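Observations on the three-dimensional arrangement
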Protein chains: 2
Amino acid sequence: MAQLEERRGAATTGRIVDAATTLFSQKGYHATTMRELAAAVGIKAASLYNHFPGKEDVLHRIAHGTMAELLDGGRAAMAPHEAPRERLAALIRFHVVYHAERRFQARIADEQLHALGPERRASVLEVRDAYTGLFKETLEAGRRAHGWLVPDASVLTFGIGGMCTFVDIWYRPDGPLAAEEIAAMYADFVLRALEP
Amino acid sequence: MAQLEERRGAATTGRIVDAATTLFSQKGYHATTMRELAAAVGIKAASLYNHFPGKEDVLHRIAHGTMAELLDGGRAAMAPHEAPRERLAALIRFHVVYHAERRFQARIADEQLHALGPERRASVLEVRDAYTGLFKETLEAGRRAHGWLVPDASVLTFGIGGMCTFVDIWYRPDGPLAAEEIAAMYADFVLRALEP
DNA sequence: CCGGTCGACTAACGCTCGTTAGACTCCCCG
DNA sequence: CGGGGAGTCTAACGAGCGTTAGTCGACCGG
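Here the structure is a predicted model, which means the values were calculated and not measured. (Residues numbered from 1 in each chain as written. Chains lettered and ligands numbered in written order. Predicted model: local features only at pLDDT ≥ 70, side-chain atom pairs only at ≥ 80, totals over all residues.)

Examining the overall build of chain A
For the record, the criterion: The helix and strand labels rest on DSSP assignments: H or I over at least four residues marks a helix, E over at least two residues marks a strand, and numbering proceeds from the N terminus. With C-beta atoms placed from the backbone, the exposure class of a residue follows from how many other C-beta atoms lie within 10 Å of its own: 20 or more, buried; 12 or fewer, exposed; in between, partly exposed. C-beta atoms are placed from the backbone for every residue, and two residues are taken to be in contact when these atoms lie within 7 Å.
When you go through chain A residue by residue, the secondary structure sums to 9 helices and 0 strands. Mapped in sequence order, the helices and strands of chain A form the string α-α-α-α-α-α-α-α-α. Projected onto its principal axes, the C-alpha positions of chain A cover 60 × 40 × 35 Å. For chain A, buried positions account for 41% of its 196 residues. Of the contacts made within chain A by residues no fewer than 6 positions apart, 70% connect residues no fewer than 24 positions apart.

Re the interface of chain B and chain A
Keep this limit in mind: Lys, Arg, Asp and Glu make up the charged group, whereas Ala, Val, Leu, Ile, Met, Phe, Trp, Tyr, Cys and Pro make up the nonpolar group; the residues left over, Gly among them, are polar.
At the interface, 25 residues of chain B touch 25 residues of chain A. Contributions of two or more residues to the side of chain B that touches chain A are made by helix 7 (153-165) and helix 9 (179-194) of chain B. Element by element, the count of residues in the side of chain B that touches chain A is highest for helix 7 of chain B, at 7 residues. When grouped by side-chain class, the residues that make up the side of chain B that touches chain A number 14 nonpolar, 7 polar and 4 charged.

As for the relation of the copies chain B and chain A
Threshold: Copy-to-copy alignment: least squares on C-alpha atoms, limited to residues at pLDDT 70 or above in both.
After a rotation of 180° and a shift along the axis of 0.0 Å, chain B superposes on chain A with an RMSD of 0.0 Å. Given the turn and translation reported, the copies of this chain are related as if by a two-fold rotation axis. In this assembly the copies share their binding face: 100% of the residues contributing to the interface of chain B also contribute to that of chain A.

Observations concerning the confidence of the model for chain A
Selection rule: The quantity known as pLDDT measures the predictor's confidence residue by residue, on a range of 0 to 100.
On average, residues of chain A carry a pLDDT of 95, and 95% of them reach 70 or more. Low pLDDT, under 50, characterises residues 1-7 of chain A; the stretch is placed with 2 contacts to residues that sit more than four places away or in other chains.

Things to note about helix 4 (residues 84-101) of chain B
Where we set the bar: A helix is expected to span 1.5 Å for every residue after the first.
The end-to-end C-alpha separation of helix 4 of chain B is 25 Å, in line with the 26 Å expected for 18 residues at 1.5 Å each. Within helix 4 of chain B, 14 of the 18 residues are buried, leaving the element largely enclosed by the surrounding structure.

Here we look at the environment of Val155(B)
Its location among the elements puts Val155(B) in helix 7. When sequence neighbours within four positions are dropped, the list of residues in contact with Val155(B) reads Leu177(A), Ile182(A) and Met185(A).

Description of the environment of Thr157(A)
Turning to its location among the elements, Thr157(A) is positioned in helix 7 (residues 153-165). Setting aside anything within four residues of it in sequence, one finds Thr157(A) in contact with Thr132(A), Phe135(A), Lys136(A) and Leu139(A).

Notes on the packing of helix 4 (residues 84-101) of chain A against helix 9 (residues 179-194) of chain A
The angle between the axes and the distance between the axes are what describe a pair of packed helices. Residues and elements named next belong to chain A. As a reminder, the rule being used: Every axis corresponds to a line fitted to the C-alpha atoms, with the helix fit spanning only the stretch in contact, and the corresponding angles, defined between N-to-C directions, vary from 0 to 180 degrees. Working rule for angles: under 35 degrees goes down as roughly parallel, over 145 as roughly antiparallel, 65 to 115 as roughly perpendicular, anything else as oblique. What makes a crossing left-handed is the near helix being turned counterclockwise from the far one by less than a right angle; a clockwise turn instead makes it right-handed.
The contact between helix 4 and helix 9 brings their axes to 8 Å, and the two run at 140°. When the axes of helix 4 and helix 9 are compared, the pair comes out oblique. Between helix 4 and helix 9 lies a crossing of right-handed hand. Mapping the contact onto sequence places Arg85, Leu88, Ala89, Ile92, Arg93, Val96, Val97, Ala100 and Glu101 in helix 4 and Ala179, Glu180, Ile182, Ala183, Ala184, Tyr186, Ala187, Val190 and Leu191 in helix 9.

Digging into the environment of Ala100(A)
Residue and element names in this part refer to chain A. With respect to the secondary-structure elements, Ala100 resides in helix 4. Note on Ala100: 23 C-beta atoms within 10 Å, which makes it buried. When the C-alpha atoms of Ala100 and Gly147 are compared, they prove to be 31 Å apart, with 47 residues separating the residues in sequence. Every residue in contact with Ala100, bar those within four places of it in the chain, is listed here: Val167, Tyr171, Ala179 and Ile182.

This is the structure:
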């Protein structure tokens, strides 16, 4: 039954999500039309409605799915480590690599949320706040355990987050540095600034 | 003559720019309609065309003007200082304070450029690249003069820029910290990480 | 081999968009 | 006090939007 669905229509649904990810991230949600999205998939606009109730649902699927991946991936990256230093470094590295390699998704989840209605936006922000909490909690743990210089955990979370998220804007896969190299640079940079 | 123009129509032009700054930054360029913009100013949509040739010109005026202000302000902030340490700290503080206090403008110049046509976008990016260059040159000067840990000046410029720009997303004027306090935190953070 | 469902299609609806045309009002300059 | 231009308005245009209705073919389970 599940295999059946995958064989018939779910493959098209996935191609819609992929095409929408590219279009939304490069032109923006409002500037992308359903006819454009359909053409990128190779179908007609009306057929999109066999897969999604409406345009906004496509955006919500991408944004919410991306945030959920970030939260799960961030937790998984930190899990093997105990000390705040290694936990924060792992979290930063995961964040940077994800924002480099999945930068189209990441940009949608960051920039296009304003196009969602209140309830859908709230459902994405809920996951995002949980993810942001990973950074904040780790910073506070480091301050308690090792005297990290954290004058304000929220401000520093935003700062580190901004630095590492911005990667999704400027990173190019054919650039001179691999995502992991950039990730390591930022993790080192942050830890140097934090540790007394 | 100039005073005359200011008295008659230029005041309305300024109110259009102000209203568009709010609307574009909060809803996005494409989601803002000319009728909405006109209503915010207190006129009808057709009257906007007495002040701007078209919608895109309003966006370009805001984006280009903001970038020009950043470039001029950044140069002015650095000018009094000689040493890379003070020059970078002054640049960061200016950048953060500007992005906090003029966050609506700043967000437009950062996020809505994709809505501009190629030539208009290029004219904004030209100014932006010059501004980014201020950071990069200062980082390299610090590396040469004081052995700052700058493994890659471009990556670090993007990182510092992302950290300090993101302020325009989360800063609230009625929040617990003044813009100058946040600016000082970030300048200290960056210099701690850079200095050997 | 047949019935049903899934997913594609064509056609079109109602609406709103950015923009234009043209007339009117008001105020400054001579 | 009269002429002119700047700035507003109403009205409307054509285009394109998201979405819906209804039809048809193809494939899978029984």
